[in-house]
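Fold and geometry: a report
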Amino acid sequence: MGGDAGFGGGDAEEETDLQRARIARELITAVRGLPPEEIPEALCRSCAALLPSVAGLSVSVLGDGPDSAVVLFASDETATRLAEIQYTLGEGPSPEAVRLRAPVFAPDLRRGPDVRRWPLFSDQAARAGVAAAFSVPLAGAGGALGTLDLYRETAGGLDGDEVRTALLVADAVVLAVTALDRASADTAGVVTWLAGAESDREEIHQATGMIMAQLGVGAEEALLILRARAFAQGRTSSEVARAVIDRTMDMRHD
Amino acid sequence: MNRERELAQAFVDLADTYASDFDPLVLFSRLVHTCRGLLEVDAAAVMVADGRGTLKTMAATEDGAAFIELLQTQTGRGPCMDCFRTGEARGIPDITAERDRWPKLVPAMLDNGYRALHTVPLRLHDRPLGAVTLLNARVGNLSEGDAHLAQALADSAALSLMHWSTEPARVDDVITRVQSAIAAKTALEIAKGMIAVYGNIEVGEAGRRLTDYARHHRVSLADTAHALVSRTMDPTVIVGDPHGS
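Keep in mind it's a predicted model, so treat the numbers as computed, not measured. (Residues numbered from 1 in each chain as written. Chains lettered and ligands numbered in written order. Predicted model: local features only at pLDDT ≥ 70, side-chain atom pairs only at ≥ 80, totals over all residues.)

Another point: the overall build of chain B. From N to C terminus, chain B includes 10 helices and 5 strands. What you see for chain B is a C-alpha radius of gyration of 18 Å, in line with the 18 Å of a compact globule of 245 residues. In terms of its C-alpha atoms, chain B occupies a principal-axis envelope of roughly 50 × 45 × 45 Å. In chain B, which comprises 245 residues, the share counted as buried stands at 48%. (Helix = DSSP H or I, 4+ residues; strand = E, 2+ residues; numbered from the N terminus. Rg over C-alpha atoms; globule rule 2.2 N^0.38 Å. Buried ≥ 20, exposed ≤ 12 C-beta atoms within 10 Å, placed from the backbone.)

This is the structure in structure tokens:
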């Protein structure tokens, strides 16, 4: 097996976990101890610092339906306008990202496929001075909770590292918004909790579904219950998930 | 059916997802089962790269916990990650020679009764999307013919995954497509857990019931899973009267 050296052979999962923890720590440190009304602005500054290559960004959270969303925070007027245009028209990368539960990118809103795909949105975005827009879903356990939206004033796509950072920032925003009040107040505790709160594994998804059925709760709450149990018992979410699947742990009985 | 007809049918089945009711879960499931059916291999799995940097299992011919664990040892490093990163197929005819290199994978493979591993890239033109893992209980390389066929099946599935609009596939759209398939897989796993409790059955059996339901009613497996998770569909439709809760 010669010639195996030299293809960047580190452990991708470890690298991702490290970057995930770093981003989560930054966001949580930024909002810790703040009164609720100041949290959105602090989150916004942190997100912008983590994604320096875009002109601006916003986070929108879905209301009752996929077409109603409120802008939780935005780095500038253009970012606010961009989100409002899309959710008002029901057209553009953001509604599409919610529908597909996947990132949707429009690297050139002035010509080509993006214009054909979203004629109304691309026209209004261009008027607002936006040349490229990128939407990443805020991934909840069962579906999108909203979107993280980025824009640029010049056309062009995001590179691989930028995509990865954007996805991890979106994950951290979800954690910061949904999980903060469930975890202990000190940063170290929250980061420890996060480290054991990995959610994107098969057994965790399966156990989430089992808890939903056992307790009659939604996917988000089921996942939080699983994580809270893991934290309380000093185990990882995966370990608790396997116990739920083996039926050696049943959330109904305790 | 003779070999030639089997091959033709396999490629037609993988291309069948060009239809408007495209379902990535069915596509990946077909890919791994076709690999096991047509190639001299004992098990197959397909993983795709998550935009965050790791590999996610999309489908496997085995559904036991130990097998899933085997695949999870490969999400960050291992032959599949190498295959994805380099875009080149590779074979490990005897895994016991690789203990130092893959300290987690080797015991996991041996515990599951596998000795040899072959992996081919899942790629769209030259862009790597993931990798297909082929496992054998006996030592040895995949034949040259099987290795070529495995790649052809993987290429065919990758094309089907991307063939969703009349526009040429751009890098930006590839990310959307792959992540959308990953989201569908997540919903399927949650739905399996729900069905397991409602039907008081094992998770693996729950998965089979869901697949059977979707096939029998000619509905999308991805849509069915999402409807269950968002509670717009009653799980008793799939498992009858609840007695597990």
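After that view, the rundown keeps rolling.
So, on to the interface of chain A and chain B. Of the residues lining the interface, 37 residues belong to chain A; the matching set on chain B comes to 36 residues. Among the elements that take part in the side of chain A that touches chain B, helix 9 (residues 202-215) of chain A stands out by supplying 10 residues, more than any other. Within the side of chain A that touches chain B, the residues separate by chemical class into 19 nonpolar, 11 polar and 7 charged. (Contact = placed C-beta atoms within 7 Å. Nonpolar A, V, L, I, M, F, W, Y, C, P; charged D, E, K, R; others polar.)

With that out of the way, let us pick up the packing of helix 7 (residues 171-199) of chain B against helix 8 (residues 203-217) of chain B. Residue and element names in this part refer to chain B. At a minimum axis separation of 8 Å, helix 7 and helix 8 run at an interaxial angle of 105°. Relative to helix 8, helix 7 is oriented roughly perpendicular. Residues A191, K192, G193, I195, A196 and G199 of helix 7 touch helix 8, and the partners they reach there are V203, A206, G207, R209 and L210. Taken together, the residues of the contact of helix 7 with helix 8 break down into 6 nonpolar, 3 polar and 2 charged. (Axes fitted to C-alpha atoms, helices over the stretch in contact; angles between N-to-C directions. Parallel < 35°, antiparallel > 145°, perpendicular 65-115°, else oblique.)

All buried positions along helix 4 (residues 79-86) of chain B are accounted for by P79(B), C80(B), M81(B), C83(B) and F84(B). Elements in contact with the buried residues of helix 4 of chain B: helix 1 (12-31) of chain A together with strand 1 (43-49), strand 2 (55-60), strand 3 (90-92), strand 4 (116-124) and strand 5 (127-136) of chain B.

Residue and element names in this part refer to chain A. Read from one edge of the open sheet, 5 strands run 2-1-5-4-3, paired in antiparallel fashion. Two strands in the sheet have a free side with no partner beyond their single neighbour: strand 2 (69-74) and strand 3 (104-106). Along the sheet, successive strands turn relative to each other by an average axial angle of 20°, direction set aside. As judged from the 5 bridges shared by strand 1 (residues 56-62) and strand 2, these two strands associate in the antiparallel manner. Across the sheet, the residue bridging to V59 is F73, located in strand 2. The strands touched by helix 2 (residues 39-50) within the sheet are strand 1 and strand 2, with strand 2 carrying the most contacts at an inclination of about 65°. (Pairing = 2+ DSSP bridges.)

It is worth spelling out the domain arrangement of chain A at this point. Often the size quoted for an interface is simply the accessible area lost on bringing the parts together. All names here are of chain A. When its domains are assigned, chain A resolves into domain 1 (12-179) and domain 2 (196-253). Taking only C-alpha atoms, the centre of domain 1 and the centre of domain 2 are 28 Å apart. The interface is formed by 5 residues belonging to domain 1 together with 7 residues belonging to domain 2. Classifying every residue of the side of domain 1 that touches domain 2 gives 2 nonpolar, 3 polar and no charged. (Domains from an automatic or database assignment.)

Our focus in this paragraph is the environment of A74(A). All names here are of chain A. Inspection of the secondary structure puts A74 in strand 2. Owing to 22 C-beta atoms within 10 Å, A74 belongs among the buried residues under this scheme. With 47 residues separating them along the chain, A74 and F121 place their C-alpha atoms 19 Å apart.

On to unusual backbone geometry. Even without glycine at this site, R247(A) takes up a positive phi of about 65°. Note on placement: R247(A) falls in the segment after helix 11 (237-246). Among the residues examined, R247(A) registers 12 C-beta atoms within 10 Å and is labelled exposed. The phi angle at H125(B) is positive, at roughly 55°, despite the residue not being glycine. Assignment of secondary structure puts H125(B) in the loop between strand 4 and strand 5.

Residues and elements named next belong to chain B. Strand order in the open sheet formed by 5 strands is 2-1-5-4-3, and the pairing between neighbours is antiparallel. Both outer strands of the open sheet, strand 2 and strand 3, are each paired with one neighbouring strand and no more. Looking at each pair of strands side by side, their axes are set apart by 25° on average, direction ignored. Direction of pairing for strand 1 relative to strand 5: antiparallel, over a ladder of 6 bridges.

Right, let's get into the domain arrangement of chain B. Residues and elements named next belong to chain B. For chain B, the assigned domains read domain 1 (3-164) and domain 2 (181-239). Spacing between the C-alpha centres of domain 1 and domain 2 amounts to 24 Å. Counting only elements with at least two residues in the side of domain 1 that touches domain 2, the list comes to helix 2 (24-38) and strand 2. Looking at the side of domain 1 that touches domain 2 element by element, the count peaks at 3 residues for helix 2. For the side of domain 1 that touches domain 2, a count of residues per class yields 6 nonpolar, no polar and 5 charged.

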